[in-house]
Amino acid sequence: MSDPRVIVCAGGGGVGKTTTSAALALALAARGHRTLIVTIDPARRLAGAMGVPITDVVTRVPMPSGGDRLWALMPDPRRSMRTFIDHLFADEPEAKARVLANKLYIGLADAAAGVHELVAMNLVARAATDGDFDVIVIDTAPSRHAIDFVTYPARLAALLGGRTVSWIAGLAQRASGEAPAPKGLLSWGTGRVEHLLARVTGPNLVRDTADLFGDLALVRERFVALTRRASELLLGERVAYALVAAPTAAARDDVLFLAARLEQLGRRPRAVVLNRADTHPAPWARALREGRAVGPAITEVLDALEQERLSRATAADGLSSELGRQLPWASIVRLPYVEASAPEAIVAALSTELDAHLAALLPDAG
């Protein structure tokens, strides 16, 4: 079984990124690809976009055009850490109980920046290993820093794969008397570090830190394997980045910032998806104009709507040209403005539009 291909969708707020990600996943499923869509956006908009319940467990999405080939995963920031710990310590129930009661762990689970993204990607790595998916679509948080999360797994794998965990775990063993203190120069250096940590953070935090890392040491190999797997999915040869925008100056700036950040990571966006870019006169507006009983008030409204449509189309044309010049290697995918009240209807309509652009969005199969 080969690794799945991965498409990471990133962009600023208000550009329709989650809707686009859902539509892309639906289009892939309709084409016969076994597709998993994952959102790491704490706002959890994916369930609303698809109109079905989605949880932190891989769940089949029963959208008719998906042909039973679409699944979704939406880790809950309040539960994702616990779900991950349950998996990580499946064979170490006593250590799991200690971790769940550890005050440092509780603080990390509740407040640390980046913890949700890191845990979510480890859950994705697990899903990629356990499930037979062809493509995974990842919907990131709407932020200029959304791309940074792709570096978290590799950095954590390097930390846990080195000596840090063993050294900090030793603090717990020495504090409890389960291990002798080191001798000689090493004893002098270690003692000074432990004393300094206790003075700066307090003895309880030192002990909580040591205990947490001591328990993590028990499952380090599983942890490192999972984080490395996540890193391969995000930075390997089978990943593509799609930047999502709308015809506004702010969205343009976000796309250029994210493209530059990807360049720093040795990557380039494969495509820019421009939402609300292609517009056509609405059929109902045309029917009203052709009606015989259209008064001045209705005509004025229709003229204002047409002017707005033309203005949006002109802005989209200009942005497409500018992004084409600045990011010549990226395909520009233009999607229309969809008039619909139900989010799942918008997703379905956009998935049909995206069908013609799948080759431009999918990473190479090699």
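Thresholds applied
Residues numbered from 1 in each chain as written. Predicted model: local features only at pLDDT ≥ 70, side-chain atom pairs only at ≥ 80, totals over all residues. Heavy atoms only, no water. Helix = DSSP H or I, 4+ residues; strand = E, 2+ residues; numbered from the N terminus. Buried < 20%, exposed > 50% of the residue type's maximum accessible area, 1.4 Å probe, protein only. Contact = heavy atoms within 4.5 Å. Areas by Shrake-Rupley, 256 points an atom, 1.4 Å probe, with all protein chains shown as cover. Phe/Tyr/Trp six-rings, centres within 6.5 Å; stacked < 30°, edge-to-face > 60°. Lys NZ or Arg CZ within 6 Å of the ring centre and 35° of its normal. Axes fitted to C-alpha atoms, helices over the stretch in contact; angles between N-to-C directions. Parallel < 35°, antiparallel > 145°, perpendicular 65-115°, else oblique. Left-handed = near helix turned anticlockwise from the far one by under 90°. Nonpolar A, V, L, I, M, F, W, Y, C, P; charged D, E, K, R; others polar. Pairing = 2+ DSSP bridges.

Asker: What is the right way to read the overall build of the protein from this model?
Answerer: Of the regular secondary structure elements, the protein holds 16 helices and 8 strands. By residue count, 45% of the 366 residues in the protein fall in the buried class. Counting only contacts in the protein whose residues sit at least 6 apart along the sequence, the fraction spanning at least 24 positions is 78%. For the protein, the accessible surface area stands at approximately 17,700 Å², while carbon and sulfur atoms represent 55% of it.

Asker: Sorry if this is basic, but what is going on with the packing of aromatic side chains here?
Answerer: The relative placement of two aromatic rings is captured by the distance of their centres and the angle of their planes. Counted under the stated rule, the structure contains 1 aromatic pair. Centre to centre, the rings of Trp71 and Phe133 are 5.6 Å apart; their planes meet at 70°, and the pair counts as edge-to-face. Here Trp71, found in strand S4 (residues 70–73), pairs with Phe133, found in the loop between helix H6 (115–130) and strand S5 (135–139); they are 62 residues apart in sequence, far enough to count as distant. Here Trp71 falls in the buried class, since its relative accessible area comes to 10%. A residue is classified by how much of its surface remains accessible, and Phe133, at 7% relative accessible area, is buried. Residue placement shows Arg268 over the ring face of Trp329; its charged tip is 3.9 Å from the ring centre. Here Arg312 stacks its cationic end above the ring of Tyr337, 4.7 Å away from the centre of that ring.

Asker: Please clarify how the packing of helix H1 (residues 17–30) against helix H15 (residues 343–354) should be interpreted in this entry.
Answerer: At a closest axis distance of 8 Å, the pairing of H1 and H15 adopts a crossing angle of 60°. It follows from the interaxial angle that H1 and H15 lie oblique. For the crossing formed where H1 meets H15, the hand is right-handed. In contact with Thr19, Thr20, Ala22, Ala23, Leu24, Leu26 and Ala27 of H1, H15 contributes Ile346, Val347, Ala348, Leu350, Ser351 and Leu354. When the residues that make up the contact of H1 with H15 are grouped by side-chain class, the tally is 10 nonpolar, 3 polar and no charged.

Asker: Quick question: what am I supposed to make of the sheet that holds strand S8 (residues 331–336) here?
Answerer: Within a beta sheet, neighbouring strands are joined by backbone hydrogen bonds and run either parallel or antiparallel to one another. Taken together, the 8 strands give an open sheet; going across it, the order is S3-S4-S2-S5-S1-S6-S7-S8, and neighbouring strands pair in mixed fashion. Only two strands of the sheet have a single partner each, and these edge strands are strand S3 (59–60) and S8. Of the pairings in the sheet, the one linking strand S1 (residues 5–10) to S5 comprises 5 bridges and is parallel in character. Directly across from Ile7, in S5, lies its bridge partner Val137. Seen against the sheet, helix H11 (residues 220–235) touches S1, S5 and strand S6 (239–245) and runs at an angle of roughly 60° to S6. Its contacts with the sheet put helix H12 (residues 249–264) on S1, S6 and strand S7 (271–278), and the angle it makes with S6 is roughly 160°.

Asker: I tried to follow the pairing of S7 on my own but got confused; where do I start?
Answerer: Consecutive side chains of a regular strand alternate in pointing toward one face of the sheet and then the other. Counting buried residues along S7, 6 of its 8 residues qualify, which places the element largely inside the surrounding structure. Across 4 bridges, the pairing between S6 and S7 is parallel. Bridged to Ala242 within S7 is Ala271. Where S7 meets S8, 5 bridges bridge the pair, whose relative direction is parallel. Bridged to Leu274 within S8 is Arg334.

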